[in-house]
Amino acid sequence: MPIYEYICQDCDREVEILVHAGNKPECPECGSAKMTKLLSVVAAPTRDSSTGMSPGQSPGSCGPGCGCHPH
C-alpha cells in the first residue's frame, strides 16, 4: 500500500495518505474527496563519481560479489 501526497481542492491542505487499492482518498481536515495527487520526490542514494561508492561506504563493504570489493 503506497503513501501518496495529495492537496485538497477545497481547503488547500497538503497531506500524505496511505491509499488502499481502489479507494479514493478523502481530506482528513474537511472530508472532501476533491484530492489532487502531487508529484513526489523520490530519495535515492548517490554515488561518488571517483569511487562509485555511496557516501560513508568503505571498499568491500557490500560483499565480494558486488564489484567494489578489493581483489
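What comes next is a walk through the structure. (Residues numbered from 1 in each chain as written. Predicted model: local features only at pLDDT ≥ 70, side-chain atom pairs only at ≥ 80, totals over all residues. Heavy atoms only, no water.)

The next point concerns the pattern of salt bridges. A side chain of one charge can pair with a side chain of the opposite charge if their charged atoms are brought near each other. The tally for this structure, following the rule as stated, stands at 2 salt bridges. Ionic pairing is found between K34 and D10, a salt bridge with its closest N-O pair at 3.8 Å. Of the two residues, K34 is situated in the loop between β2 (14-18) and β3 (35-37) and D10 in the loop between β1 (3-8) and β2; the sequence distance between them amounts to 24 residues. The exposure class assigned to K34 is partly exposed, which follows from its relative accessible area of 48%. Taking the relative accessible area as the measure of exposure, D10 reaches 46% and is therefore partly exposed. Across the salt bridge formed by R13 and E29, the nearest N and O atoms sit 2.7 Å from each other. (Salt bridge = Lys/Arg side-chain N within 4 Å of Asp/Glu carboxyl O. Helix = DSSP H or I, 4+ residues; strand = E, 2+ residues; numbered from the N terminus. Buried < 20%, exposed > 50% of the residue type's maximum accessible area, 1.4 Å probe, protein only.)

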